[in-house]
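# Coordinates in review
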Amino acid sequence: MRNVLICAAAMLAVTGCETGIDVPVSIPAQYQGAAQLRNIAVIDFQGRDGGAFAGALEAELSNAAFNGASYFNVLNRQTLQTRSGVGGSSDAAVAAAIDYGAQLGVDAVYFGEVSGFDVEQSSERVEKSKCVEYDGIFDCEKREKYTTTCYTLAAFYTVVPKVADVRSGQVVYSDTVTGNSDAYFCDEDTSKVSGDQLLAEARSDTLSQIRNAVAPRNARAKVDLAEAASLPDRSDQSEFDGAVAFAKEGRLDRACGTWEVLLDRYPTTFELLYNTAVCAEVSGDFSRAFDIYSQIDAGLVSPNTKVSDALSRVQSQLRAQRLTPN
């Protein structure tokens, strides 16, 4: 078996794979200390727009989903601020929020400061041309040059979020997060973007960055299938090739069923093992996918990037299953 896997793995490394299949992946939070604190509250941030930003962050974290369920339990910030009797993110306000948060079953308090936001605008005179005479719908017979004014708008929004562990009082997450958004348009353009729109997009960018820093998320990744196999029976080879064709047309159900049958006949063929493991990933059977990838890996005498990446993916998925909220 080892020699068969080694040879097939080497062939895959040389010939490559062409058919990309979407598989589920779990991306862990950047700050695990914050991610482990699931009962949370947000208090008003310091700075101009601090109250509005806190409300937006509260909504962002309330909507943070993982494996089909809400990841955080979020206490309404007005409840906590009313109980603590203070607002904002001053030292006294944070201390009071932590104290009352503990009484209300909160694990962590989110606070911080909106340190700045603005829209910068510049303009330039640009020479363009336009069609002034048509000979048919898309056939321009005559063009004319003209000069117009074009604008570049760039918005930024910077916030310094922090997360305090209610039990220890320690800050487990702190960062300076900047969101950006920009636009370019000219006087004659019908679609123009306002500075307020860009600021809203920049603020939304910061919210997404914070959400991804403190909570895991689900995503999809492209994984290549093994397309070329050398099976001794011509009929079996045709079935394998047909399964690849079905996969290319999005019929992975047919493809996976065929590979499962062929794997019973050729249990040491790398391409069949690999594709069957990918099928298990797609279906969410990460334990089986891990077992098959591990079987392939055990037959290698040198690392194979695709197999190593696959093992890492499914290990993350198995860990993620343990994080799924009840």
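Everything discussed here concerns the structure shown above.
The structure contained in this document is the topic of the report that follows.

Conventions adopted
Residues numbered from 1 in each chain as written. Predicted model: local features only at pLDDT ≥ 70, side-chain atom pairs only at ≥ 80, totals over all residues. Heavy atoms only, no water. Salt bridge = Lys/Arg side-chain N within 4 Å of Asp/Glu carboxyl O. Helix = DSSP H or I, 4+ residues; strand = E, 2+ residues; numbered from the N terminus. Buried < 20%, exposed > 50% of the residue type's maximum accessible area, 1.4 Å probe, protein only. Phe/Tyr/Trp six-rings, centres within 6.5 Å; stacked < 30°, edge-to-face > 60°. Lys NZ or Arg CZ within 6 Å of the ring centre and 35° of its normal.

### Overview of the pattern of salt bridges
- The final tally for this structure, using the stated rule, is 11 salt bridges.
- Measuring nitrogen to oxygen at the nearest pair gives 3.9 Å for the salt bridge that ties D22 to K222. Taken together, the positions of D22 in strand β1 (residues 20-27) and K222 in strand β10 (residues 217-224) put the pair 200 residues apart, joining distant regions of the chain.
- According to the relative accessible area criterion, D22 is partly exposed, its value standing at 35%.
- Judged by relative accessible area, which is 62%, K222 ranks as exposed.
- Linking R203 and D49 is a salt bridge whose minimum nitrogen-to-oxygen distance equals 3.3 Å. On the criterion of sequence distance, the pair formed by R203 in helix α6 (residues 195-214) and D49 in the loop between β2 (39-42) and α3 (50-62) is long-range, its members being 154 residues apart.
- Among the residues examined, R203 registers a relative accessible area of 24% and is labelled partly exposed.
- Look at the salt bridges and you will find they share partners, linking D44, E58 and R77 into a network.

### Re the packing of aromatic side chains
- A full pass over the atoms with the stated rule returns 10 aromatic pairs.
- With a centroid separation of 5.0 Å and an interplanar angle of 85°, the aromatic rings of Y71 and F72 are classed as edge-to-face.
- Between F270 and Y274, the aromatic rings sit 5.9 Å apart at their centres with planes inclined by 10°, giving stacked as the arrangement. Here the residue F270 and the residue Y274 both occupy positions in helix α9 (residues 270-283), the gap between them amounting to four residues, near one helical turn. Pair check on accessibility: F270 and Y274 agree, each one buried.
- Ring-pair connections join several aromatic residues into one group, and the members of that group are F45, F53, F117 and Y157.
- The ring centre of Y71 lies 3.8 Å from the NZ or CZ of R38, which sits over that ring.
- The lysine or arginine in question, K130, covers the ring of Y146, its NZ or CZ lying 5.3 Å from the ring centre.

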